[in-house]
Amino acid sequence: MFAASEAMPLVKTGGLADVIGALPKALANRGVDVTVVLPKYGEIPKAITDAVVTIAVIEVQLGWRRQYCGIQEVTVEGIRYLLIDNEFYFKRGYLYGYGDEAERFAFFSFAVLEMLGKLEQLPDIIHCHDWQTGLIPFLLRTRYAYHPGYQHIRTVFTIHNLQYQGVYSRELLQDLLATGDDSFTEDSLDFYGAGSCMKAGLRFADKLSTVSNTYAHEIQTPEYGEKLDGVIRQRSHDLWGIVNGIDTEVYDPMNDPHIAVPYRNSQAKKRQNKTALQQELGLPIDETIPMIGIVSRLTGQKGFDLIGEAMPELMKENIQLVILGSGEPGIEANLREALLKYRNKIALWFGFNEGLARRVYAASDMYLMPSRFEPCGLSQLIALRYRTVPIVRETGGLRDTVEPYNEYTGTGTGFTFGPATTHDLLYTVRRALAFYEKEEHWTRVVANGAKKDYGWESSARLYYKLYRELVS
Ligand code: ADP
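It should be emphasised that the depicted structure is a prediction, and the values quoted were computed from it without experimental measurement.

Q: Where do I start with the side chain of Ser364 in this structure?
A: Along the polypeptide, Ser364 turns up in the loop between α13 (354-363) and β16 (366-369). With relative accessibility at 0%, the residue Ser364 sits in the buried group. In terms of polar contacts, Ser364 uses its side chain to reach the backbone amide nitrogen of Gly293, at 3.4 Å. If we ignore the near neighbours within four places in the chain, the residues touching Ser364 are Lys270, Met291, Ile292, Gly293 and Thr388.

Q: What exactly am I supposed to notice about the site of the ligand here?
A: Of all residues adjacent to the ligand, which total 22 residues, the nearest are Gly15, Asp18, Arg297, Lys302 and Tyr361. Relative to its unbound accessible area of 560 Å², the ligand is 94% covered by the protein chains. Those elements that place two or more of their residues in the shell around the ligand are α1 (15-29), β13 (291-298), β14 (320-327), α13 and α14 (379-385). When the residues that make up the shell around the ligand are grouped by side-chain class, the tally is 9 nonpolar, 9 polar and 4 charged.

Q: I would appreciate a short explanation of the packing of helix α4 (residues 101-116) against helix α6 (residues 170-177) in the present structure.
A: Packed helices, taken two at a time, are described by their axes: the angle between them and the distance between them. Packing of α4 against α6 brings their axes to within 10 Å, and their N-to-C directions diverge by 35°. With respect to the hand of their crossing, α4 and α6 are arranged in right-handed fashion. Taken together, the residues of α6 that come into contact with α4 (itself represented by Ala102, Glu103, Ala106 and Phe110) are Leu172, Leu176 and Leu177. Across the contact of α4 with α6, the residue classes tally to 6 nonpolar, no polar and 1 charged.

Q: What should I look at first to understand the pattern of salt bridges in this one?
A: Under the defined criterion, the tally for this structure stands at 32 salt bridges. Glu280 is paired through a salt bridge with Arg359; the nearest N and O atoms lie 2.8 Å apart. With Glu280 in helix α10 (residues 267-281) and Arg359 in helix α13, this residue pair connects regions lying 79 residues apart in the sequence. The exposure class of Arg359 is partly exposed, given its relative accessible area of 22%. Taking the shortest distance from any N to any O, the salt bridge between Glu332 and Arg336 comes out at 3.0 Å.

Q: Help me understand the environment of Leu176, please; the structure alone is not making it clear to me.
A: Among the structural elements, Leu176 can be located in helix α6. A relative accessible area of 0% means that Leu176 is categorised as buried. A C-alpha to C-alpha distance of 31 Å links Leu176 and Tyr467, two positions 291 residues apart in sequence. Ignoring any residue separated from it by four or fewer positions in sequence, one finds Leu176 in contact with Leu62, Gly63, Arg65, Ala102, Glu103, Ala106 and Phe110.

Q: Mind showing me how you'd approach unusual backbone geometry here?
A: With the exception of glycine, the majority of residues adopt a negative phi angle, and the majority of peptide bonds are in the trans configuration. A cis amide bond links Met8 to the next residue, Pro9, at an omega of 0°. Its place among the elements puts Pro9 in the loop between β1 (2-3) and α1. Residue Tyr192 is not a glycine yet carries a positive backbone phi of 50°. Note that Tyr192 resides in the loop between β9 (190-191) and β10 (194-196). Look at Tyr192 and you get exposed, because its relative accessible area is 62%. Residue Arg387 is not a glycine yet carries a positive backbone phi of 60°. Counting through the fold element by element, Arg387 comes out in the loop between α14 and β17 (389-393). Judged by its relative accessible area of 9%, Arg387 falls in the buried class.

Q: Would you take a moment to explain the packing of aromatic side chains for this structure?
A: Here a ring pair, both rings aromatic, is described through the centre-centre distance and the interplanar angle of the planes. As enumerated under the stated definition, the model contains 20 aromatic pairs in all. Between Tyr96 and Phe105 the ring centres are 6.3 Å apart and the planes differ by 45°, which places this aromatic pair in the tilted class. Feature note: the residues Tyr41, Phe88, Tyr89, Phe90, Tyr96, Phe105, Phe107, Trp131 and Tyr168 constitute an aromatic cluster, connected by ring pairs. Its guanidinium or amino end placed over the ring of Tyr464, Arg30 lies 5.7 Å from that ring's centre, counting from NZ or CZ. Positioned over the ring face of Tyr98 is Arg92, at 4.9 Å from the centre of the ring.

Q: Help me understand the sheet that holds β9, please; the structure alone is not making it clear to me.
A: Each strand in a sheet pairs with its neighbour through backbone hydrogen bonds, running either in the same direction (parallel) or in the opposite one (antiparallel). The strand order across the open sheet built from 3 strands is β8-β10-β9, with neighbouring strands paired in antiparallel fashion. The sheet is open, and its two borders are formed by β8 (167-168) and β9, each paired with just one other strand. For β9 and β10, the ladder comprises 2 bridges, and the chain directions are antiparallel. Across the sheet, Phe191 pairs through a bridge with Ala194, a residue of β10. Strand contacts of α6: β8 and β10, with the helix running at about 55° to β10, the strand carrying the most contacts.

Q: Hey, could you run me through the sheet that holds β13 in this one?
A: The 6 strands lie next to each other as β15-β14-β13-β16-β17-β18, forming an open sheet whose pairing is parallel. Of all strands in the sheet, those bounded by a partner on one side alone are β15 (346-350) and β18 (415-417). Within the sheet, the average angular offset between the axes of one strand and its neighbour, ignoring direction, is 15°. With 3 bridges connecting them, β17 and β18 associate as parallel partners. Paired with Ile391 across the bridge in β18 is Phe415. Sheet strands touched by helix α12 (residues 329-341): β13, β14 and β15. Its angle to β15, the strand with the most contacts, is close to 150°.

Q: Just to check I follow, could you spell out the domain arrangement of the protein chain for this structure?
A: Much of the literature gives interface size as the accessible area that the parts lose upon coming together. Splitting the protein chain by domain gives domain 1 (2-245 + 457-471) and domain 2 (267-451). Between the C-alpha centres of domain 1 and domain 2 there is a distance of 33 Å. The interface of domain 1 with domain 2 comprises 21 residues on the first partner and 19 residues on the second. At the boundary of domain 1 with domain 2, total buried surface from both sides reaches about 1,400 Å², with 58% on carbon and sulfur atoms. At the junction of domain 1 with domain 2, the criterion picks out 1 salt bridge. Those elements that provide at least two residues to the side of domain 1 that touches domain 2 are α1 and α8 (213-218). In terms of residues, the side of domain 1 that touches domain 2 owes the most to one element, α8, which gives 4 residues.

Parameters at a glance
- Residues numbered from 1 in each chain as written.
- Predicted model: local features only at pLDDT ≥ 70, side-chain atom pairs only at ≥ 80, totals over all residues.
- Heavy atoms only, no water.
- Helix = DSSP H or I, 4+ residues; strand = E, 2+ residues; numbered from the N terminus.
- Buried < 20%, exposed > 50% of the residue type's maximum accessible area, 1.4 Å probe, protein only.
- Polar contact = N/O pair within 3.5 Å; in protein donor to acceptor, adjacent residues only side chain to side chain.
- Contact = heavy atoms within 4.5 Å.
- Near = heavy atom within 4 Å.
- Areas by Shrake-Rupley, 256 points an atom, 1.4 Å probe, with all protein chains shown as cover.
- Nonpolar A, V, L, I, M, F, W, Y, C, P; charged D, E, K, R; others polar.
- Axes fitted to C-alpha atoms, helices over the stretch in contact; angles between N-to-C directions.
- Left-handed = near helix turned anticlockwise from the far one by under 90°.
- Salt bridge = Lys/Arg side-chain N within 4 Å of Asp/Glu carboxyl O.
- Phe/Tyr/Trp six-rings, centres within 6.5 Å; stacked < 30°, edge-to-face > 60°.
- Lys NZ or Arg CZ within 6 Å of the ring centre and 35° of its normal.
- Pairing = 2+ DSSP bridges.
- Domains from an automatic or database assignment.
- Buried area = accessible area lost by both parts, 1.4 Å probe.

As structure tokens, this is what we get:
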């Protein structure tokens, strides 16, 4: 049973939704019986919520509160979903960012565990994802430790992004969880005097995983460990690094209803997508101008500070920069300012737009992702699938999935740089632009990317192995 806070095609804010949408399908192909539990957000498409069947109505005790909890079932793309229904908590305008986030996800965690008792079959494993579900392993080992029938259930906790931790005051968590001081010791939820839902998952899950090998190593260092590196180091023997894939059926330029011209390897057809997007976004129409695309949450993590600093130099090049993103207003404002200066070279679209995202991947020649840290990153994989050459910083999953182009051996799928500096970013973009002008090199780097497999097959095999270790 997967417990998570978003999943495609129900609700999405980032890569987590892609993973929860795709991995269960790949596991089901290997014969695993998977159910996904999600909060029933107001944003879930009506076509899906219209098809749900209520299988139980229970009450969930959350400290002194007793809350309504509907459990609804629906099958989407062959996967069984259970939706936790409470409109007060989940029928809102957005998925995250409310003042009562701790209460919403504490409720979700209790609801998942209470719900199990209503199911015909208990899961062998609950696979929890990110801080929103970190309390589940904790509650299972403490409050529900002696719950009839639950003893055999094992838990896996996967870190998709260590930066978001769900840290709340001890008083608030004690109130929500109805726990005493004993739950706030150093080897429990305590996080520098507060309480951490991420740490709850890291401490109490039977196995841990994260979404690339390099990130698995990085988070054990103070530089990337977000103050939890010590906790993670202690559990390093239980930590697996398993790189994400993408759903190659969903992301398929040959079969993508959002793009102008379907293509697989034809550069000519890919360029038709470029001119179509130039027209859509009001950029000068010229298929020879290299287009650099970005589809991203606008956060510090993604290296927008480097892009901002590099902008004046970058804009001296003959390029078009297309950015689709949503997030921090400060980053948005800086990009708007750049737009005013370089109207003919930049196109911006703020907000979440799945269709436009696909058109940016399809139209761009290069995809820029200079992340300061990157647990896995799916955008570069989608770019590669759309024959768009990634330019990335060598960190986390970017390092594991983009092989630097070597002009002497002709190997490599993209362009990469190590130090997080404007200089290295500019040097690498210029290097990519230089090879773009040399057709034989460009054809090679694109073809190398096309040969790789970005699907879930091999990673699903590793998760299967991990689950086997737990239940054998
Ligand atoms: P993260 O999970 O850190 O946001 P990933 O690269 O792992 O980054 O995944 C991001 C996913 O979200 C990709 O599928 C990307 O295309 C998508 N995405 C990000 N921002 C937007 C946006 N503004 N509109 C549409 N899709 C977006």
